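Topology and contacts: notes
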Number of protein chains: 2
Amino acid sequence: MKFIVNIEIMPNKELLDPQGKAVTLGLKNLGLNTVENVRIGKHISFEIEAENAEKAKDAAEIACKKLLANPIMESFIIQVD
Amino acid sequence: MKFIVNIEIMPNKELLDPQGKAVTLGLKNLGLNTVENVRIGKHISFEIEAENAEKAKDAAEIACKKLLANPIMESFIIQVD
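Basis of the calculations
- Residues numbered from 1 in each chain as written.
- Chains lettered and ligands numbered in written order.
- Predicted model: local features only at pLDDT ≥ 70, side-chain atom pairs only at ≥ 80, totals over all residues.
- Heavy atoms only, no water.
- Pairing = 2+ DSSP bridges.
- Helix = DSSP H or I, 4+ residues; strand = E, 2+ residues; numbered from the N terminus.
- Axes fitted to C-alpha atoms, helices over the stretch in contact; angles between N-to-C directions.
- Contact = heavy atoms within 4.5 Å.
- Salt bridge = Lys/Arg side-chain N within 4 Å of Asp/Glu carboxyl O.
- Parallel < 35°, antiparallel > 145°, perpendicular 65-115°, else oblique.
- Nonpolar A, V, L, I, M, F, W, Y, C, P; charged D, E, K, R; others polar.

Attention shifts here to the sheet that holds strand β3 (residues 74-80) of chain B. One open sheet holds the six strands; their spatial order is β3(A)-β1(A)-β2(A)-β2(B)-β1(B)-β3(B), and the pairing between them is antiparallel. If you trace the sheet from one side to the other, it starts and ends with β3 (74-80) of chain A together with β3 of chain B, each paired once. Strand-to-strand, the axes of this sheet are offset by a mean angle of 25°, without reference to chain direction. Strand direction decides the pairing type here: strand β1 (residues 2-11) of chain A and strand β2 (residues 35-49) of chain A, joined by eight bridges, are antiparallel. Bridge assignment links N6 of chain A to a residue of β2 of chain A, and that residue is S45 of chain A. Each of β1, β2 and β3 of chain A is contacted by helix α2 (residues 53-68) of chain A, which is oriented at about 155° to β3 of chain A, the strand it contacts most.

Have a look at this one:
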């Protein structure tokens, strides 16, 4: 069966996110003064052939831990449809 | 009122996503042979002070159109909590 996997990888809350800080300033320059705490991460989607949703999720977890996310700086959320 | 905005910015489906192609190969090398159509985009979250959810969404749309997304190559989905 084919599953669609969506993964959200975000920098950990404790860490400074320099890209997010730059975007906060850029948004203020656009007049959006009330924006705060901008954090920028990755969104990854793919299709996977697996027996069931659980196996698809396990495969996505391996992909995150071994390739997609940096466990020291990032956390991830996996959603299987 | 404070709202949390989550924005998902993905490359358009018609376009080649070289980063996604590279990740597909990387995942195959990890033994995940059944992964296809990897696409990599951005996930942006921020807090915004606004009168209501609709105004928060309008502000996020301005942010996407003017700064965060490239309208030629990317599409975005905004979610306000």
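This part is about the pattern of salt bridges. Counted by the stated rule, this structure contains eight salt bridges over all chains. We note a salt bridge from E36 of chain A to K2 of chain B, for which the minimum N-O separation is 3.2 Å. Of this pair, E36 of chain A sits in strand β2 while K2 of chain B sits in strand β1 (residues 2-11), on two different chains. In this structure, a network of salt bridges that share partners links the residues K2 and E47 of chain A together with E36 of chain B.

Orientation of helix α1 (residues 18-29) of chain A relative to helix α2 (residues 53-68) of chain B, taken along the N-to-C sense of each, is 105°, at an axis distance of 11 Å. Judged on the interaxial angle alone, α2 of chain B and α1 of chain A are roughly perpendicular. Here V23, G26 and L27 of chain A of α1 of chain A lie close against α2 of chain B, whose contacting residues are A63, L67 and L68 of chain B. Within the contact of α1 of chain A with α2 of chain B, the residues separate by chemical class into five nonpolar, one polar and no charged.

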